[in-house]
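Tertiary structure, described
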Amino acid sequence: MASSTRSKMKTASVKNWNCQKVKEWIKNKGFPQYAETFCDTHKIDGQVLLSLTEKDLKQPPLQLSVLGDIKKLMFHITALRSEVLGSESNELGSTENSSEDELFTGTQDFITRKVKIHHSHHLDPEIWKTVLSFIYVFTVFLITAFIMVIVHERVPDVEKYPPLPDIFLDNVPFIPWAFHAAELIGMGMGAVWITTLFFHKHRFILMRRMFSLLGTLFLLRSVCMLITSLSVPSEHLACEKKSYGDIWAKLKRAFEIWSGLGMTTTGVRTCGDYMFSGHTVILTMLNFFITEYTPRKLYYLHTCSWMANMFGVFLILAAHEHYSIDVFVAFYLTSRLFLYYHTLANNRSLMDRDKGRRRFWFPLFSFFESKCDGVVPNEFEWPVPRMIEGIKNSFGYATPLKPKTN
């Protein structure tokens, strides 16, 4: 308690130093030759002293000429600055009990400031919510497959409704293998994401977020496909109107599409499901989740992820499987929904503001993120023991205590 009080007093006193106090500090550090220049000529007080950089010392108007003095003086200023900011950090931690990462800009060419990342204090995996989110996306995928059967019965006649004008498709030649290559890229990104999930400490929260976002996007896609049927984007596509008969035949075809994940690689061929591109949604969602939930220092991985996303989108268009607007809308909606979701989830102030409206407009978000109040940290572990313990706790099984032995 006494040390905390002293640190607060020291912090306040340094910030409130007048020029005379700064002059005494400079003399005590062994630089009396600069005391008059700092204080009498340039009126440097405590706040200005804390904001000085090495560039300020080298350039006019101070323009110190001895490199050794510049380095030593900057060392003392940086130490004083870190001590002051450290005191503020301790005070904040004792009052709010918050876990923060603080980054200090050392001798950069701007005033030192703190960047705070508020990590979530409630990281309960809530496996039951993850199961519900899986049921949600599972159901939506079934609905989407059934809608794809419906729209196949409504494909416009190519002779009566030729392909619409498209800037990209009209100027880029058809590449037969491009769509298959785009699916292979998606499978590779999926493998990276599954590996990340396996080792991520908060894997159930990540899965819950992905399932809820994918479910919402594909539900919206189903509505868009059902409302308007676009003409076939390219004459090379052998897409014709096809009737599947009764409801059972439609359900059987929907199951074939669902079980094959709607991919040509698995032998599934669909027609009419153009607005908007489901393949682009998957590629973009995988890219954003990989870059968000892997360490920042893995910039090569993040660069490769973005390149795979962009190249996969190009291949979808090069295959003439979708109009350009299909791909653009898919990328825009996926990226915006991901960013809006995580902006709300990572900022408690935005979540707490106008709760009633948030629950009305974002019911799934409000439900799934009710116990997350900040950024989910990227922490990794060997998962098997923790997964077993989490499953036992979720279903009410407590690990028995071993009796003490003498």
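One numbering rule holds for all chains: residues counted from 1, following each sequence as written. The predicted origin of the model limits local features to residues at a pLDDT of at least 70 and limits the giving and counting of side-chain atom pairs to 80 or more, whereas totals for whole chains, interfaces and linings rest on all residues. The side-chain values count all of the structure's non-hydrogen atoms but skip hydrogen atoms and water molecules.

**Quick word on the overall build of the protein**
- To qualify as a helix, a DSSP run of H or I must reach at least 4 residues; to qualify as a strand, a run of E must reach at least 2; elements of each kind are numbered from the N terminus. Each helix and strand counted, the protein has 17 helices and two strands in total.
- Each residue's exposure class comes from its accessible area (1.4 Å probe, protein chains only) as a fraction of the maximum for that residue type: buried when under 20%, exposed when over 50%, partly exposed otherwise. Within the protein, the proportion of its 406 residues that are buried is 43%.
- Each accessible area value is a Shrake-Rupley result obtained with a 1.4 Å probe; residue values ignore everything except the protein chains displayed when judging cover. On the protein, roughly 22,900 Å² of surface is accessible, and the fraction owed to carbon and sulfur atoms is 63%.

**Quick word on the packing of helix α11 (residues 278-292) against helix α12 (residues 299-318)**
- What counts as an axis is a line fitted to C-alpha atoms, over the stretch in contact for a helix, and the angles between N-to-C directions run from 0 to 180 degrees. Close contact between α11 and α12 brings their axes to 9 Å; oriented N to C, the two are set at 175°. For the element pair α11 / α12, the angle class is roughly antiparallel. Together, His279, Thr280, Leu283, Thr284, Asn287, Phe288, Ile290 and Thr291 of α11 and Leu301, His302, Ser305, Trp306, Asn309, Gly312, Val313 and Ile316 of α12 make up the contact between the two elements.
- When residues are sorted by character, Ala, Val, Leu, Ile, Met, Phe, Trp, Tyr, Cys and Pro go into the nonpolar class, Asp, Glu, Lys and Arg into the charged class, and all the rest, Gly among them, into the polar class. Its residues assigned to classes, the contact of α11 with α12 shows seven nonpolar, nine polar and no charged. Geometric relationships in this document are graded by angle, where less than 35 degrees denotes roughly parallel, more than 145 denotes roughly antiparallel, 65 to 115 denotes roughly perpendicular, and other angles denote oblique. Residue contacts are counted whenever heavy atoms from the two residues lie within 4.5 Å of one another.

**Some details on α12**
- What a helix should span is 1.5 Å times the count of its residues minus one. Compared with an ideal rise of 1.5 Å per residue, which puts 20 residues at 28 Å, α12 spans 28 Å between its outermost C-alpha atoms and is within 8% of the ideal.
- Those residues of α12 lying buried are His302, Ser305, Ala308, Asn309, Gly312, Val313, Leu315, Ile316, Leu317 and Ala318.
- Buried residues along α12 sit against α8 (178-199), α11 and α13 (324-346).
- Once α12 finishes, histidine 320 follows within two positions and takes phi at roughly 60°, a positive value.

**A closer look at unusual backbone geometry**
- Note the cis peptide between proline 60 and proline 61, where omega equals 10°.
- At the junction of methionine 275 and phenylalanine 276, the peptide bond is cis and its omega measures out at 0° in the coordinates.
- Of note, phenylalanine 276 is situated in the loop between α10 (247-259) and α11.
- The backbone of glutamate 126 sits at a positive phi, close to 45°, despite the residue not being glycine.
- With respect to the helices, strands and loops of the structure, glutamate 126 is situated in the loop between β2 (114-118) and α7 (127-152).
- With phi around 60°, histidine 320 is a residue other than glycine that occupies positive phi space.
- Mapping histidine 320 onto the fold places it in the loop between α12 and α13.

**Let's talk about the state of the cysteines**
- Any two cysteine sulfur atoms lying within 2.5 Å of each other are counted as a disulfide. For the coordinates displayed, the defined rule picks out one disulfide.
- The disulfide that involves cysteine 239 links it to cysteine 271, with 2.1 Å between the sulfurs. A torsion of -80° about the S-S bond marks the disulfide between cysteine 239 and cysteine 271 as left-handed. Of this pair, cysteine 239 sits in the loop between α9 (203-227) and α10 while cysteine 271 sits in the loop between α10 and α11; the two residues are 32 residues apart in sequence, bridging distant segments of the chain.

**Regarding the packing of aromatic side chains**
- Stacked, tilted and edge-to-face are the three classes assigned to paired rings of Phe, Tyr and Trp, where Trp is represented by its six-membered ring and a pair needs centres within 6.5 Å; plane angles under 30 degrees give stacked, over 60 edge-to-face, the rest tilted. In this structure the tally under the stated criterion is 22 aromatic pairs.
- Both rings, one in phenylalanine 198 and one in tryptophan 382, keep their centres 6.0 Å apart while their planes meet at 80°; by these two values the pair is edge-to-face. With phenylalanine 198 in helix α8 and tryptophan 382 in the loop between α16 (363-368) and α17 (383-394), this residue pair connects regions lying 184 residues apart in the sequence.
- Here phenylalanine 198 falls in the partly exposed class, since its relative accessible area comes to 34%.
- Judged by relative accessible area, tryptophan 382 falls into the exposed class, the value being 57%.
- Members of the aromatic cluster, joined through ring pairs, are Trp193, Phe288, Phe289, Tyr293, Trp306 and Phe338.

The values are spatial; any link to function lies outside them.
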